[in-house]
Every structure is written in C-alpha cells, then in structure tokens.
Amino acid sequence: MKEVPIPKISCDFVLHGLKNGKRLDGRKSFDYRDVNVMFVGDSGGCVASIGDTRVLAQVSAELGEPRPGRPTEGVLYVNLELSPMASQGYQIYGMSEQAVELSRLLEHCIKDCRCLDMESLCVISGQKVWQIRLDVNVLNYEGAIMDCVSVAAMTALSHFKRPDITVTGEDVKIHYDDKDPVSLSVHHMPLCVTFAIFDHGNFIVVDPSAEEENVMEGVMVVAMNCNNEICTIHMSGSMMLTKDQLLYCTKIAAVKVDELTNLIKKFMQTSKLKSESKDGATLEIKKLITKQEAPQQCINIKGVKVDLNQDIHGQMDVSHVQLEESGLGVIEKDSTWKKV
C-alpha cells in the first residue's frame, strides 16, 4: 500500500482526543462502528460493512482432484483482492505487501484453523473431491479491514450451498435442480478483532478508523471463535506489548467475537425465513457492540475489575492476572461479566 502523506496537525488532533478519552466519531475505546450484512445472489455471496469499510465475499464450488497428500479431503482456495477502487493507496497491478499480509492472515483464520470439515467434501477417495473457492474483494477501505473481511468470509461460507450428488461406482451425477443443495459443514467461526496501539501501549482502541490507523504506532489482530479459542494473533508496527496487555486485549476480543457470532447466526436464521420470498435477504446489525446496547460492560479478571467503557492509560492493576496454564489458546472459564 502506498504511503499517503498525513498532516502533522491531523496526527496531533487524533492523539489529543485519545488522551482525553475521545475519538473522532464519538465512540469509546472499545466501541464498534455500525455493522451491516447483506446477501448477494442466491447462495454464498454477501457484502459486509463496518462503518464505511465494505467487503464483498463470494463462494463457489466445483469437482476436482484432491491434493496428493490428502486424498480424502476437499480443497479450499482463498483469494483476497485489494482494488484501487477501495483506496488510493492500493496498487493497480500486482499484490502489495499489505495484500500478501492480509491474504496469509485470512488463510490462517480459515484454512489452518480447520473451521470447515474438509473430509465431508470428499466424493471418491483419491479421485474426486469438492474444491471450494472463496473470493474476497475489498470495495472500500476505512479502517479495520480484517474485521470486515472475516465477517464477510464466514457469512459467505455459512450461507453457501453446493449441489447434491449421486455416486454410482466411479460415476458422479450432480443434481442442480432435482435435489436440494447441501450446506458446508462449519465447525466454528474464527472472527478478527483489530486493536490499534498508541503511545507505547498506553492507549488501545478497537475497530480503528482509517484516520486512526494512519497515526497508530502498531496494530494487533486477534482471531477467536465463540469457544474462547485463540485461532491466531498477528502484530505489526513499532511497539511492544506486555503479557498483561496481551491478555487484556484477548479478554475484550472474546466478548466482541461472541456477540458477533450470535448475530451472524441470527442473520442466517433470518435469511432462511426470507429465502422463500424473492425480495432478497437483508439484515442490518446496527451499533453492534456499542456502549448503549452492549449488555456486558465490566470484566473481573482474577479479582481485577475492569470497566470496558474506560480507556487504557497504563494504570490498570494487573498484578493478579495470570495466563491459563492448561489448554492452548483457551481463555479461562472463571471470568465473569457484570453490568455496571
């Protein structure tokens, strides 16, 4: 991505607002912008938006040969494109460093975390399997791109249905119209939460806007599912976080992912009810995890009470916070959330 010059006065204005507990759009530190999801086409297509960031995801399938080392598993291809239409900083030809970084992160979230049942895509062992292709296109970039990409990708995969088949010996017949299509088997939904880091970790905000990303010192993307399992953590920039700050961010990400997963499931139920009508299924998720509508605003971590409506100024007492010893990437279950 090309570097776009940012006036120093704009940087100072953003940092001054964060020090006073204010953001450019009036949100608190851990508030999301409005999240909207809309289906495109009959199956496997959706447009997700977080604020003004918009992402289109489309899933398709065809029969093909399996990979040599995995004869009983299907194949999943993930393609992410950053169009110059989305931002003036994106390249016209070739993949930029940011595009490669985001593509690998998306593959880690979906492929390496095994969120799909690949063995269910096998038709004839060693000969024919379903090859699933996920194409993601960024339509407009206004910050927190991985959050929007993960929502669009997982919604499209959950919404997609492949044609049913009949296998007779080595002959495969595809039923396009005479049988109901079959949904993909989705084990879990890894979703990303982006944290912008300012002032050596003293200020941390969720869902940064494009203006905030231009002046941040670093960024951390936490991918989790609703089971509090950490799928991947990606960090970039010129900053370092302590163990306590990292654990603090994962606690916040667990709440965001849990609420977002439940809303996606409700969205799928709504689309199923509307599928009989030809008007198209549309669901708007307004103010996803904002202060006004979030039921959980306070967290107790090993006896340390943290108010999610307050900013992080490096003054939180985290002496009692401990990492979970057993279980890889699992947040401890004894954390309780209460209303304030």
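The coordinates are above.
What comes next concerns the included structure. None of these values were measured; they are calculated from a predicted model.

### With respect to the pairing of strand E11 (residues 191–198)
Counting buried residues in E11 gives eight out of eight residues, a clear majority hidden from the surface. Of the two faces of E11, the one lined by Leu191, Val193, Phe195 and Ile197 and the one lined by Cys192, Thr194, Ala196 and Phe198 are each fully buried. Summarising the sheet, E11 and strand E13 (residues 218–224) pair through seven bridges and their orientation is antiparallel. Bridge pairing links cysteine 192 to alanine 223 in E13. In the sheet, E11 pairs with strand E12 (residues 203–206) via four bridges, with the strands oriented antiparallel. Counted as the bridge partner of isoleucine 197 is isoleucine 204 from E12. With antiparallel pairing between neighbouring strands as the criterion, E11 and E12 make up a hairpin whose turn holds four residues, including aspartate 199 at a positive phi of roughly 50 degrees.

### A short note on the environment of serine 271
Looking at the secondary structure, you find serine 271 in helix H5 (residues 243–274). The exposure class of serine 271 is buried, given its relative accessible area of 7%. Remark: the alpha-carbon pair of serine 271 and histidine 159, spanning 112 residues in sequence, is separated by 8.7 Å.

### Looking at the environment of glutamate 101
With respect to the secondary-structure elements, glutamate 101 resides in helix H2 (residues 97–112). Glutamate 101 gets classed as partly exposed once you look at its relative accessible area, which sits at 30%. Along the backbone, glutamate 101 and histidine 234 are 133 residues apart, and their C-alpha atoms lie at a distance of 9.7 Å. Beyond its immediate sequence surroundings of up to four residues, glutamate 101 is in contact with His234 and Ser236. Polar side-chain contacts of glutamate 101 include one of 2.4 Å to the side chain of histidine 234.

### As for the packing of helix H3 (residues 145–159) against H5
Following both chains from N to C, one finds H3 and H5 inclined at 40 degrees, their axes separated by 11 Å at the closest point. Classified by the angle between their axes, H3 and H5 sit oblique to one another. Taken as a pair, H3 and H5 cross one another with a handedness that is right-handed. In contact with Val151, Thr155, Ser158 and His159 of H3, H5 contributes Leu260, Ile264, Phe267, Met268 and Ser271. Residue composition of the contact of H3 with H5, by class: five nonpolar, four polar and no charged.

### Some details on the pattern of salt bridges
Scanning all chains against the criterion turns up seven salt bridges. The partner of aspartate 207 in a salt bridge is arginine 27, with the nearest N and O atoms 3.1 Å apart. Of the two residues, aspartate 207 sits in the loop between E12 and helix H4 (210–215) while arginine 27 sits in the loop between helix H1 (8–19) and strand E1 (35–39), which places them 180 residues apart along the sequence. As far as the burial class goes, aspartate 207 and arginine 27 line up, both buried. Linking glutamate 73 and arginine 114 is a salt bridge whose minimum nitrogen-to-oxygen distance equals 3.2 Å.

### A word on the side chain of threonine 155
With respect to the element layout, threonine 155 can be found in helix H3. Polar side-chain contacts of threonine 155 include one of 2.7 Å to the backbone oxygen of valine 151. Not counting chain neighbours up to four residues away, the residues in contact with threonine 155 comprise Val37, Phe39, Cys46, Ile264, Phe267 and Met268.

### Topic: the nonpolar core
The biggest cluster of nonpolar side chains holds 76 residues, and the ones touching the most others in it are Ile110, Ile132, Leu134, Val136, Val149, Leu157 and Phe195. Valine 149 has contacts with Val55, Leu80, Leu106 and Val136, leaving out every residue within four places of it along the chain. Counting eight residues, the second largest nonpolar core, distinct from the first, contains Val14, Leu18, Ala196 and Val205.

Procedures and definitions
- Residues numbered from 1 in each chain as written.
- Predicted model: local features only at pLDDT ≥ 70, side-chain atom pairs only at ≥ 80, totals over all residues.
- Heavy atoms only, no water.
- Buried < 20%, exposed > 50% of the residue type's maximum accessible area, 1.4 Å probe, protein only.
- Helix = DSSP H or I, 4+ residues; strand = E, 2+ residues; numbered from the N terminus.
- Pairing = 2+ DSSP bridges.
- Contact = heavy atoms within 4.5 Å.
- Polar contact = N/O pair within 3.5 Å; in protein donor to acceptor, adjacent residues only side chain to side chain.
- Axes fitted to C-alpha atoms, helices over the stretch in contact; angles between N-to-C directions.
- Parallel < 35°, antiparallel > 145°, perpendicular 65-115°, else oblique.
- Left-handed = near helix turned anticlockwise from the far one by under 90°.
- Nonpolar A, V, L, I, M, F, W, Y, C, P; charged D, E, K, R; others polar.
- Salt bridge = Lys/Arg side-chain N within 4 Å of Asp/Glu carboxyl O.
- Core = buried A, V, L, I, M, F, W, Y, C linked by side-chain atoms within 4.5 Å.

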